[in-house]
Amino acid sequence: MATKLLKKPLKLALIQLASGADKHANLSHARQKVLEASKAGANLVVLPECFNSPYGVKYFAKYSETLLPSPPTKEQSPSYHALSEMAKEAKAFLVGGSIPEYWEETKKYYNTNLTFGPDGKLLATHRKVHLFDIDIPGKITFRESDVLSPGNKVTIIDLPEYGRIAVAICYDVRFPELAMIAARKGAFLLLYPGAFNLTTGKLHWELQARARAMDNQVYVGLCSPARDMQAEYHAWGHSMVVDPNAEILGELEEKEDILYAELNGERIEEVRKGVPIYTQRRFDVYPDVSEGKVRYEE
Ligand SMILES: O=C(O)CCC(=O)C(=O)O
């Protein structure tokens, strides 16, 4: 490989946050944990999906904030400002999980990630592209699309001095095209703030993480909320980091905790050298999904 995808070692922290119904309390708790991670040397910190509210279709409107036009005021989006300040205070890149967003003009809601740089500046916004609509009789029915609208782009973010990452949200992990596009565009790490449940979590959480890593020979991080059996939605937990060879570098249990992992570019090169699928693809037989009609901008 001509240039290293990850230019210097990076310490990643996934915060498996315990949140409740009080948004203000959730934000200050998130701040504490982000600062704890940065004190431990993390350069890139990740929060889970819907990190400052309970997760559930009935909560989206109540907890939603207005992000556009950007930057929003503090009244429009306390979370935007809290995340920006956290990133600055921690001097770290911060993938701010997700929050429910409301577009006043169109009256639509989204499940939205905001990612900030160590200077507190917004680097990217990802609106969940694939809405979590499932129906497994006797187990779980969930219909985000009853309230939410889908985002419509792939989100690739350049982290100055390190390289590029991709961010998507939870159910997005089930669509390998997003991951493959990001990896083929040079991402070294795919991050998914996500809140799988006790039915699909057991079967598919680790499998999805390892599959996306294996297919693309990149690092993958899944960051879940902590499990709260008093809440209506029981998150799977088990935040994990997988290396480019699909080996699990670390995994949490269900409770609140922080997972740290050291990522380096040499590991990606070593894995790609050993099993060189990267140069063995047959675009004369099938198309390259990262070419042609791919949306990166909204
Ligand atoms: O894909 C799954 O099984 C769970 C997805 C999910 O919980 C979500 O998108 O929030």
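Residues numbered from 1 in each chain as written. Predicted model: local features only at pLDDT ≥ 70, side-chain atom pairs only at ≥ 80, totals over all residues. Heavy atoms only, no water.

As annotated in an unreviewed UniProt entry, the protein carries the name Omega-amidase nit3 and comes from Recurvomyces mirabilis. Regarding the protein, the UniProt comment filed under Sequence similarities (unreviewed entry) reads as follows: "Belongs to the carbon-nitrogen hydrolase superfamily. NIT1/NIT2 family." (UniProt positions renumbered as here; feature names shortened; annotations may be inferred.)

J.: Lay out helix H4 (residues 176-184) in plain terms, naming residues and giving numbers.
T.: Turning to H4, its buried residues are Leu178, Ala179, Ile181, Ala182 and Ala183. Backbone geometry just after H4 places Gly186 at a positive phi near 105°. (Buried < 20%, exposed > 50% of the residue type's maximum accessible area, 1.4 Å probe, protein only. Helix = DSSP H or I, 4+ residues; strand = E, 2+ residues; numbered from the N terminus.)

J.: Before we move on, can you summarise unusual backbone geometry with the specific residues and values?
T.: Cis geometry marks the peptide bond from Leu68 to Pro69, where omega comes out at -5°. By the secondary structure assignment, Pro69 is in the loop between helix H2 (60-63) and helix H3 (78-90). Backbone torsion omega between Ser70 and Pro71 reads 0°, so that peptide bond is classified as cis. Tracing the chain through its elements places Pro71 in the loop between H2 and H3. Backbone geometry at Glu161 places phi at a positive 80°, although glycine is not the residue there.

J.: Describe the pairing of strand S7 (residues 133-136), listing the residues and the values that go with them.
T.: Across four bridges, the pairing between S7 and strand S8 (residues 140-143) is antiparallel. The residue bridging Ile136 from the neighbouring strand is Ile140, located in S8. Where S7 folds back on S8, the antiparallel hairpin that results is connected by three residues, among which Gly138 adopts a positive phi of roughly 80°. (Pairing = 2+ DSSP bridges.)

J.: An account of the site of the ligand is needed here, citing residue identities and associated values.
T.: Taken together, Glu49, Tyr55, Lys128, Phe132, Cys170, Tyr171, Arg174, Ala195, Phe196, Thr200 and Tyr233 make up the full set of residues near the ligand. The separation between an oxygen atom of the ligand and a polar side-chain atom of Arg174 is 2.6 Å. Between the ligand and the protein, one listed contact pairs an oxygen atom with a side-chain N or O atom of Tyr233 at 3.1 Å. For the ligand, the protein covers 100% of the area, taking 290 Å² as the surface of the free molecule. Of the residues that constitute the shell around the ligand, the class distribution is seven nonpolar, one polar and three charged. (Near = heavy atom within 4 Å. Polar contact = N/O pair within 3.5 Å; in protein donor to acceptor, adjacent residues only side chain to side chain. Areas by Shrake-Rupley, 256 points an atom, 1.4 Å probe, with all protein chains shown as cover. Nonpolar A, V, L, I, M, F, W, Y, C, P; charged D, E, K, R; others polar.)

J.: Describe the pattern of salt bridges, and please don't skip the residues or the numbers.
T.: Considering all chains together, one arrives at 22 salt bridges under this definition. The salt bridge partner of Arg127 is Glu101, with a shortest N-O separation of 2.6 Å. With a gap of 26 residues between them, Arg127 in strand S6 (residues 122-127) and Glu101 in strand S4 (residues 99-103) connect regions that are remote in the sequence. On the accessibility criterion, Arg127 (5% relative accessible area) is buried. Residues Glu206 and Arg210 are paired through a salt bridge, measuring 3.4 Å at the closest nitrogen-oxygen approach. Of the two residues, Glu206 and Arg210 both sit in helix H5 (residues 200-216), four residues apart, roughly one turn of that helix. Salt bridges here are not isolated pairs; linked through shared partners, they connect Asp243, Glu247, Arg267 and Glu270. (Salt bridge = Lys/Arg side-chain N within 4 Å of Asp/Glu carboxyl O.)

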